[in-house]
Amino acid sequence: EDGVGRKDVLPSVCTENQECPHYNYQHDATREGGATETPIHILIASFRDKLCSRTLHNIFDHAENPKRIFVRVIDQTKSDTGLEDDFGCWEGYCKRYNANCDEYKENVKILSVDANLSKGPTDARSKLSAMVHWDYVQGEQDPTKLDFHR
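Cut-offs applied
- Residues numbered from 1 in each chain as written.
- Predicted model: local features only at pLDDT ≥ 70, side-chain atom pairs only at ≥ 80, totals over all residues.
- Heavy atoms only, no water.
- Helix = DSSP H or I, 4+ residues; strand = E, 2+ residues; numbered from the N terminus.
- Buried < 20%, exposed > 50% of the residue type's maximum accessible area, 1.4 Å probe, protein only.
- Salt bridge = Lys/Arg side-chain N within 4 Å of Asp/Glu carboxyl O.
- Contact = heavy atoms within 4.5 Å.
- Polar contact = N/O pair within 3.5 Å; in protein donor to acceptor, adjacent residues only side chain to side chain.
- Disulfide = S-S within 2.5 Å.
- Axes fitted to C-alpha atoms, helices over the stretch in contact; angles between N-to-C directions.
- Left-handed = near helix turned anticlockwise from the far one by under 90°.
- Nonpolar A, V, L, I, M, F, W, Y, C, P; charged D, E, K, R; others polar.
- Phe/Tyr/Trp six-rings, centres within 6.5 Å; stacked < 30°, edge-to-face > 60°.

Caption draft 1: Geometry of the environment of Ser112. As for its placement among the helices and strands, Ser112 is situated in strand β3 (residues 108-114). Owing to a relative accessible area of 57%, Ser112 belongs among the exposed residues under this scheme. Ser112 sits 23 residues away from Cys89 along the chain, and the two C-alpha atoms are 9.3 Å apart.

In structure tokens:
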């Protein structure tokens, strides 16, 4: 009603120049005039995943504006195993990919969970959703969810 939010309509409602009422944020779709400050939220439920730190690296390294990306990670590892799988997502990112990782410290929230106490991916996603809900209440945007499997 006030032009804010999402409205689902049939594709046949779109105008000839492809303007569709359910794409309220079309200006984000192009680099010219795109929203360069709109936050992008990514959720990662990681269970003993040695690739998690590389995922953080790819997220920030390939972003046109990495400061607008906010990542939340449930990092389920076992302590004192010495295995690469249990090194820790943030620690691995800082050690292997970005010695100056403090530049993104405010953009990453890690919840470490002992893998022995893990209750599965649904529980991890629930915790991530609760983190997002709290941030949403604080005025942040809705996230994009990434689901990683081995």
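Caption draft 2: The arrangement of the pattern of salt bridges in detail. This structure, assessed with the given rule, holds two salt bridges. With its nearest N and O atoms 2.8 Å apart, the salt bridge here joins Arg48 to Asp86. Of this pair, Arg48 sits in the loop between β1 (40-47) and α1 (52-62) while Asp86 sits in the loop between β2 (69-77) and α2 (89-97), and the two are 38 residues apart along the sequence. Relative accessible area serves as the criterion here: at 18%, Arg48 is assigned to the buried category. Classification of Asp86 as buried rests on a relative accessible area of 10%.

Caption draft 3: How the structure looks around the environment of Gln76. Mapping Gln76 onto the fold places it in strand β2. Remark: the alpha-carbon pair of Gln76 and Val113, spanning 37 residues in sequence, is separated by 4.7 Å. Excluding residues that lie within four positions of it along the chain, Gln76 makes contacts with Ser46, Phe47, Arg48, Val113, Ala115, Ser118, Gly120 and Ala124. At 2.5 Å, the side chain of Gln76 and the side chain of Ser118 are in polar contact.

Caption draft 4: Structural detail: the state of the cysteines. Applying the stated criterion across every chain yields a total of two disulfides. Covalently, Cys52 is tied to Cys89 through a disulfide, its sulfur atoms 2.1 Å apart. One quick way to see it: the torsion about the S-S bond of Cys52 and Cys89 is about -80°, and its sign makes the bridge left-handed. One end of the pair, Cys52, is in helix α1; the other, Cys89, is in helix α2, with 37 residues separating them in the sequence. A residue is classified by how much of its surface remains accessible, and Cys52, at 1% relative accessible area, is buried. Using a relative accessible area of 1% as the deciding quantity, one classes Cys89 as buried.

Caption draft 5: Quick look at unusual backbone geometry. The phi torsion at Arg48 lies on the positive side, around 45°, for a residue other than glycine. For Asp80, which is not a glycine, the phi torsion comes out positive at approximately 60°. With respect to the helices and strands, Asp80 occurs in the loop between β2 and α2.

Caption draft 6: Region of interest: the packing of α1 against α2. Where α1 contacts α2, the two axes come as close as 7 Å, and the packing angle between them is 65°. Read as a crossing pair, α1 and α2 show a hand that is right-handed. Facing Cys52, Ser53, Arg54, Leu56, His57 and Phe60 of α1, the residues of α2 in contact are Cys89, Trp90, Gly92, Tyr93, Arg96 and Tyr97. In terms of residue class, the contact of α1 with α2 is made up of seven nonpolar, three polar and two charged.

Caption draft 7: Just the packing of aromatic side chains, in detail. Evaluated as defined, the whole model comprises three aromatic pairs. Pairing Phe60 with Tyr93 gives two aromatic rings, centres 6.2 Å apart and planes at 45°, and the pair type is tilted. One end of the pair, Phe60, is in helix α1; the other, Tyr93, is in helix α2, with 33 residues separating them in the sequence. Each member of the pair Phe60 and Tyr93 is classed as buried. A ring pair is formed by Phe60 and Tyr104, whose centres lie 4.2 Å apart and whose planes are at 5°; its orientation type is stacked.

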